[in-house]
Amino acid sequence: MNKKKILLIEDDEIIRENTAEILELAHYEVTTAENGKIGVKMAGKTIPDLIICDIMMPELDGYGVLFLLGKDPVTSTIPFIFLTAKTERKDMRKGMAMGADDYLTKPFEEMDLLHAVEGRLKRSQVFKQAFSRDVAGFNLFINEARALQELHELSQDRRTRTYKKKEVIFYEGDHAHALYFLSRGKVKLYKVHDDGKEYITGLVKEGEFFGYMPILKNQPFDTFACAMEDSEVRKIPKEDFLVLIRRNRDVAGRFIKMISNNLIEKEELLLSLAYDSVRKRVANALIALKNRFDAGSASPFKTDISRSDLASMAGTAPESVIRTLSDFKNEELIQVKGKEIVVLNASGLEKVW
């Protein structure tokens, strides 16, 4: 069994060595840093499972360490425990408001340290499990969130609503009153051009959240959301979601990563639409569908996406999609069986220009 890695940032050599020894005796792998600047660099290199950090340090204090780590999606979710010789409530409030997970006041007992470390590591693991891509993961997420933040009556909005294929879940311009979780089915996010044509901006699969960007920006929904097949959707009220991400680093960090991934995907999509040929855009759309919805089985990936939806993804007309699919079929890259498209040669599609 791999040892959990702990980064200890403490400028007092005696406290640093004694604390590290206690943790090592408890079978943790401990790395130490004598000041905040070194600690931030080591956190980025080693990616520890937990960080214990003194507040009052030269070079860079604990608040600065927490701030810098919080800006990096890779380190923003690492559980963080402050060490301090001060007991003033204002210092504790400041640290917790910035996202610290726990506080230990020096001098501390050995068992207080070990209990704090074990508790934070267990809680972090629960959150990792809570984001598993199924309904059980969703329920873990909600239950843990309620236990941590005392969110009252959250379960009232956990009812599952079923949407039929092509049924709109929310409209562009609607008030963003809830975060959505897709427990079954497929959902597309799209915008409508002035000429009435759709442009798909995102695809949502089972186990994913959607509709969170407008909540974070405090704006109405900036896209439509529509079921691509019969789907089941659950909701988290906006107010409860905002309380949760403001107070919990695990959840906030998870959504930072999701937002980062979304931005990267959208940048790549815009570049493709600007510079790629129709053939390349259609091929990219098929690859995107495979990457998003392929269950990982040994059989070839199949999709019954409509030609109009595929055209919306590729930024072209349905007639151009139909002609391109015919070319891909002749080149034995795909099979077409009625509305169903079977990807025979994904690597071949990736090489299309």
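No experiment lies behind these values; they were computed from the predicted model shown. The residue numbering used here restarts from 1 in each chain and proceeds along that chain's sequence as written. The model is predicted, so local features are restricted to residues of pLDDT at least 70 and side-chain atom pairs to those at 80 or more, both for listing and for counting; the totals for chains, interfaces and linings are taken over all residues. Note that water and hydrogens are dropped before the side-chain values are worked out from all heavy atoms of the structure.

1. Considerations on the overall build of the chain
Working step 1: Secondary structure elements follow DSSP: runs of H or I no shorter than four residues count as helices, runs of E no shorter than two count as strands, and numbering proceeds from the N terminus. When helices and strands are counted, the chain shows 13 helices and 16 strands.
Working step 2: Across the 353 residues of the chain, 46% fall into the buried class.
Working step 3: Should any heavy atoms of two residues lie within 4.5 Å, those residues are counted as being in contact. Across the chain, every contact between residues at least 6 apart in sequence was considered, and the portion connecting residues at least 24 apart equals 67%.
Working step 4: Of the accessible surface of the chain, which amounts to about 18,600 Å², a share of 50% is contributed by carbon and sulfur atoms. Burial classes follow relative accessibility: with a 1.4 Å probe on protein chains only, a residue under 20% of its type's maximum area counts as buried, one over 50% as exposed, and anything between as partly exposed. To measure how exposed things are, a 1.4 Å probe is used in the Shrake-Rupley method; for residues, cover is taken only from the protein chains shown.

2. Concerning the packing of helix H10 (residues 278–293) against helix H12 (residues 318–330)
Working step 1: Helix axes use the C-alpha atoms of the stretch in contact, all axes being lines fitted to C-alpha atoms, and the angles between their N-to-C directions lie in the range 0 to 180 degrees. One way to put it is that H10 packs onto H12 with a least axis distance of 10 Å and a crossing angle of 80°. Here H10 is positioned roughly perpendicular relative to H12, judged by the angle of their axes. Facing Val278, Arg279, Val282, Ala283 and Leu286 of H10, the residues of H12 in contact are Ser320, Val321, Thr324, Leu325, Asp327 and Phe328.
Working step 2: Within the contact of H10 with H12, the residues separate by chemical class into seven nonpolar, two polar and two charged. Angle categories are assigned with fixed cut-offs, so that under 35 degrees is roughly parallel, over 145 is roughly antiparallel, 65 to 115 is roughly perpendicular, and the rest are oblique. Put simply, Ala, Val, Leu, Ile, Met, Phe, Trp, Tyr, Cys and Pro go in the nonpolar bin, Asp, Glu, Lys and Arg in the charged bin, and everything else, Gly too, in the polar bin.

3. Considerations on the sheet that holds strand E13 (residues 231–237)
Working step 1: An order of E6-E13-E8-E11 is seen for the four strands of this open sheet, with the pairing classed as antiparallel. Two strands in the sheet have a free side with no partner beyond their single neighbour: strand E6 (161–163) and strand E11 (209–210).
Working step 2: DSSP calls a pair of strands paired once it identifies at least 2 bridges connecting them. One ladder, built from three bridges, connects E6 with E13; its direction is antiparallel. Residue pairing in the sheet places Arg161 in a bridge with Val233 of E13.

4. What about the sheet that holds strand E7 (residues 168–170)?
Working step 1: The strand order across the open sheet built from four strands is E7-E12-E9-E10, with neighbouring strands paired in antiparallel fashion. Taken across any chain shown, the strands that pair with only one partner, and hence form the sheet edges, are E7 and strand E10 (198–204). Each neighbouring strand pair of the sheet contributes to a mean axis angle of 35°, computed without reference to strand direction.
Working step 2: Both E7 and strand E12 (residues 224–227) contribute to a ladder of two bridges, which runs antiparallel. The residue of E12 that forms the bridge with Val168 is Cys226.
Working step 3: Packed onto the sheet, helix H11 (residues 307–314) meets strand E9 (187–192) and E10 and runs at close to 95° relative to E10.

5. Remarks on the layout of surface pockets
Working step 1: Using only the protein atoms, space was sampled on a 1 Å grid; points where a 1.4 Å probe fits but cannot get out form cavities, open sets with protein on both sides within 12 Å along at least five of seven lines form pockets, and lining residues are those with an atom within 4 Å of a point. Grid points are joined across faces, edges and corners, and a volume is the space filled by probe spheres set on the points. Quantified by volume, the second largest pocket comes out at close to 770 Å³.
Working step 2: Of all the secondary structure elements, the ones that give two or more residues to the lining of the second largest pocket are E9, E10, E12, strand E14 (302–303) and H11.
Working step 3: Along the lines of polarity and charge, the residues of the lining of the second largest pocket split into 11 nonpolar, seven polar and 15 charged.

6. Thoughts on the confidence of the model for the chain
Working step 1: On a range of 0 to 100, pLDDT expresses the predictor's confidence in each residue. Summary statistics for the chain give a mean pLDDT of 82 and a share of 76% for residues scoring 70 or more.
Working step 2: Note that pLDDT drops below 50 for residues 146–157; the model gives that stretch 19 contacts with residues more than four away or on any other chain.

7. Overview of the nonpolar core
Working step 1: Side-chain atoms within 4.5 Å link the members of a nonpolar core, which is a set of buried Ala, Val, Leu, Ile, Met, Phe, Trp, Tyr and Cys residues. Grouped together as the largest cluster of nonpolar side chains are 29 residues, with contacts concentrated most on Leu286, Leu289, Leu310, Leu325, Phe328, Ile334 and Leu349.
Working step 2: Secondary-structure elements contributing two or more residues to this core are E10, E12, H10, H11, H12, strand E16 (340–343) and helix H13 (346–350).
Working step 3: With seven residues, H10 is the largest single contributor of residues to this core.
Working step 4: Residues in contact with Phe328, not counting those within four places in the same chain, are Arg279, Val282, Ala283, Leu286, Leu333, Ile334, Leu349 and Val352.

8. Here we look at the packing of aromatic side chains
Working step 1: Two rings from Phe, Tyr or Trp (for Trp, the six-membered ring) form a pair when their centres are within 6.5 Å of each other. A pair whose planes differ by under 30 degrees is stacked, one over 60 is edge-to-face, and the rest are tilted. For the coordinates displayed, the defined rule picks out 11 aromatic pairs.
Working step 2: Between Phe170 and Tyr180, the ring centres sit 5.4 Å apart and the planes meet at 45°, which makes this aromatic pair tilted. On the criterion of sequence distance, the pair formed by Phe170 in strand E7 and Tyr180 in strand E8 (residues 178–184) is long-range, its members being 10 residues apart.
Working step 3: Overall, the relative accessible area of 3% leaves Tyr180 in the buried class.
Working step 4: Grouping aromatic residues by their ring pairs yields a cluster made of Tyr63, Phe80, Phe82 and Tyr103.
Working step 5: Here, over-ring charges are defined by two tests on the NZ atom of lysine or the CZ atom of arginine: distance to the ring centre within 6 Å, and angle to the ring normal within 35 degrees. Here the basic side chain of Lys186 rests over the ring of Phe293, its NZ or CZ set 5.1 Å away from the ring centre.
Working step 6: Over the ring of Trp353 we find Lys280; its NZ or CZ atom is 5.0 Å from the centre of that ring.

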